[in-house]
Amino acid sequence: GEDVEQSLFLSVREGDSSVINCTYTDSSSTYLYWYKQEPGAGLQLLTYIFSNMDMKQDQRLTVLLNKKDKHLSLRIADTQTGDSAIYFCAESMSGYNKLIFGAGTRLAVHP
Amino acid sequence: DTEVTQTPKHLVMGMTNKKSLKCEQHMGHRAMYWYKQKAKKPPELMFVYSYEKLSINESVPSRFSPECPNSSLLNLHLHALQPEDSALYLCASSQEPAGTGLYEQYFGPGTRLTVT
C-alpha cells in the first residue's frame, strides 16, 4: 500500500544543519521528492531523487536515500531563517500520474 | 518561466453561489492537476488532466467540476459548496512522464476559498 510518513516538527538554531526524515512503504516508487511550503503559499519543488540513487547534492541541500530501509532524508546545511517552512516528501510510481505526500515537517529556525 | 498562476487569490462564496477558479501555465506542460489542502495537512489530489482529457478523478463530489479548455488553462467550477469545502485550492502542472515515472510538478500559489 501507499504510505509516506514524516516527523511533524523540527527546531534548529540558525547556522546549524537540519535533517528532515521520511519513510515510505511502497518499494515500487520510482522517484522521491522534497517540496517546501511557506505560509500562505503553494508548494515549491526543491529536489528529487531517482530510486536507484543513494545521494543527490544541490548547493545547501543533500538528499540521502536508503532503499533497503525505505528511508529518505533531506539535509539543509547552514540553515537560515528563510528556510522556516513546511517540508513535504512525496513519492511517485511509474504508470500512476500522481504524487503521494507525507504529512509534512514544520521546520522552525531560531536565532 | 516555471510559473503557474492562479486567480483569484482569495474567494468568499455562499453555499448557493456559483464561482470558478482559474489556473494557467505556459511551460508547455501537458498534465495539469487540482489539489485541495486543508490547514496543517498535505495536499489531496482531486483531478488530473492529461493532454486536455480528464484522466483521474479522486471520487470528488459533483459540486466540483473541472474543465481544461486548452493545454495552458485549467478551471475548477464550484456550485452549492459546503462550509467544509473551505480550503486552499492548488493547481499544478508537469510534463507527461513518458514512461520515466518522473512527475516534476510545479505548483501555483493557490486560491484560499471560504464558504459561508
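Residues numbered from 1 in each chain as written. Chains lettered and ligands numbered in written order. Predicted model: local features only at pLDDT ≥ 70, side-chain atom pairs only at ≥ 80, totals over all residues. Heavy atoms only, no water.

K.L.:
What is the right way to read the interface of chain A and chain B from this model?
P.N.:
Size of an interface: often given as the accessible area lost when the parts come together. The interface of chain A with chain B comprises 24 residues on the first partner and 28 residues on the second. Of the roughly 1800 Å² buried at the junction of chain A and chain B (both faces included), carbon and sulfur atoms supply 55%. Our enumeration of links across chain A and chain B arrives at one salt bridge. Among the salt bridges present, the one from glutamate 58 of chain B reaches lysine 98 of chain A, with a minimum N-O distance of 2.9 Å. The tally of links between chain A and chain B comes to three residue pairs in polar contact (both at pLDDT 80 or more). Those elements giving two or more residues to the side of chain A that touches chain B turn out to be strand 4 (29-37), strand 5 (43-50), strand 9 (85-93) and strand 10 (96-101) of chain A. The residue makeup of the side of chain A that touches chain B, split by class, is 13 nonpolar, nine polar and two charged. (Contact = heavy atoms within 4.5 Å. Buried area = accessible area lost by both parts, 1.4 Å probe. Salt bridge = Lys/Arg side-chain N within 4 Å of Asp/Glu carboxyl O. Polar contact = N/O pair within 3.5 Å; in protein donor to acceptor, adjacent residues only side chain to side chain. Helix = DSSP H or I, 4+ residues; strand = E, 2+ residues; numbered from the N terminus. Nonpolar A, V, L, I, M, F, W, Y, C, P; charged D, E, K, R; others polar.)

K.L.:
I would appreciate a short explanation of the sheet that holds strand 1 (residues 4-6) of chain A in the present structure.
P.N.:
Through backbone hydrogen bonds, the strands of a sheet pair up, either in parallel or in antiparallel fashion. All names here are of chain A. Ordered in space as 1-3-8-7-6, the five strands form an open sheet in which the pairing is antiparallel. Single-partner strands in this sheet number two, and they are strand 1 and strand 6 (55-58). If you compare each strand with its neighbour and ignore which way they point, the axes differ by 15 degrees on average. In the sheet, strand 6 pairs with strand 7 (residues 61-66) via four bridges, with the strands oriented antiparallel. Opposite lysine 56, over in strand 7, you have valine 63 as the bridge partner. (Pairing = 2+ DSSP bridges. Axes fitted to C-alpha atoms, helices over the stretch in contact; angles between N-to-C directions.)

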